[in-house]
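Single-letter residue listing:
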Amino acid sequence: MHLPEANWSDSDECFMRRALALAAQAEAAGEVPVGAVLVINDVIAGEGWNRPIAACDPTSHAEIEALRQAAAQLRNYRFPGSALYVTLEPCVMCAGAIVLARIDRLVFAARDLRFGAVRSKFSLADSDLLNHRVRIEEGLLAVEAGELLAGFFQARRANTKAGT
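Because the structure is predicted, anything quoted here is derived from the model rather than measured.

Cut-offs and rules
Residues numbered from 1 in each chain as written. Predicted model: local features only at pLDDT ≥ 70, side-chain atom pairs only at ≥ 80, totals over all residues. Heavy atoms only, no water. Phe/Tyr/Trp six-rings, centres within 6.5 Å; stacked < 30°, edge-to-face > 60°. Helix = DSSP H or I, 4+ residues; strand = E, 2+ residues; numbered from the N terminus. Buried < 20%, exposed > 50% of the residue type's maximum accessible area, 1.4 Å probe, protein only. Salt bridge = Lys/Arg side-chain N within 4 Å of Asp/Glu carboxyl O. Polar contact = N/O pair within 3.5 Å; in protein donor to acceptor, adjacent residues only side chain to side chain. Contact = heavy atoms within 4.5 Å. 1 Å grid on protein atoms, 1.4 Å probe; cavity = no way out; pocket = protein on both sides within 12 Å on 5 of 7 lines; lining within 4 Å. Points joined across faces, edges and corners; volume = space filled by probe spheres on them. Nonpolar A, V, L, I, M, F, W, Y, C, P; charged D, E, K, R; others polar.

Draft legend 1. Structural context of the packing of aromatic side chains. Summed over the entire model, instances satisfying the criterion amount to 2 aromatic pairs. A centroid spacing of 5.5 Å and a plane angle of 40 degrees characterise the contact between Phe-15 and Tyr-85, whose relative ring orientation is tilted. Of this pair, Phe-15 sits in helix H1 (residues 10–28) while Tyr-85 sits in strand E3 (residues 82–88), and the two are 70 residues apart along the sequence. Across the pair, Tyr-85 and Phe-15 agree in class, each one buried. When the centroid spacing of 5.0 Å and the interplanar angle of 80 degrees are considered together, the rings of Phe-152 and Phe-153 count as edge-to-face. Residue classification places Phe-152 among the buried positions, given a relative accessible area of 9%.

Draft legend 2. Representation of the pattern of salt bridges in the model. In total, this model carries 11 salt bridges according to the counting rule given. Here Glu-65 and Arg-51 are joined by a salt bridge, their closest N and O atoms 3.9 Å apart. You can see Glu-65 sitting in helix H3 (residues 62–74) and its partner Arg-51 sitting in the loop between strand E2 (43–49) and helix H2 (52–55), a full 14 residues away along the chain. For Arg-51, a relative accessible area of 29% puts it in the partly exposed group.

Draft legend 3. Quick peek at unusual backbone geometry. With phi around 55 degrees, Asn-41 is a residue other than glycine that occupies positive phi space. Relative to the assigned elements, Asn-41 resides in the loop between strand E1 (35–40) and E2. Taking the relative accessible area as the measure of exposure, Asn-41 reaches 69% and is therefore exposed. Here the phi dihedral of Leu-141 falls at roughly 60 degrees; this positive angle occurs in a residue that is not glycine. Looking at where Leu-141 falls in the secondary structure, it is placed in the loop between strand E5 (135–138) and helix H5 (142–162).

Draft legend 4. View of the side chain of Arg-105. Inspection of the secondary structure puts Arg-105 in strand E4 (residues 105–110). A distance of 3.0 Å separates a polar atom in the side chain of Arg-105 from a polar atom in the side chain of Asp-12. Ignoring sequence-local partners within four residues, the contact set of Arg-105 consists of Trp-8, Asp-12, Ser-82, Ala-83, Leu-84, Tyr-85, Val-134, Arg-135 and Glu-137.

Draft legend 5. Layout of the layout of surface pockets. Reported here for the largest pocket is a volume of approximately 550 Å³. Residue assignment for the lining of the largest pocket shows that the elements contributing at least two residues are H2 and H5. In terms of residues, the lining of the largest pocket owes the most to one element, H5, which gives 5 residues. Taken together, the residues of the lining of the largest pocket sort by class into 14 nonpolar, 3 polar and 7 charged.

Below, the structure written as structure tokens:
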């Protein structure tokens, strides 16, 4: 069991564990296992998991799904005072949406070394060029998120080699 680090609260770990559970739902559906939870005042306002294959929509990333659900529930497109918990570092599209939604805090588990747009490849969400900067914190339950992703891609490669 992974205990929260000194800078992570119990609620941080709880919300990231929920995001990991959503990522597992994506994996069960054959989607890349990424989950996201949008929290306002310690209440989940929206959540989602990757579903571009099922939705036939390239924008159906976990973060976008969580933002869409929150926007519909709250009848607003901006979320001041919110925190978004994501199991994988957001891509360029999702980083842009996070900024436009005025998310205050982004907590992500694992870095995405190929497409990560908030730390790995770019620093879009907290760029000095933008009028809104997101506070970014990384690494909460990174091992668990990384293992979920690695297992998914290992299985996919094995199935490809086996011809299934």
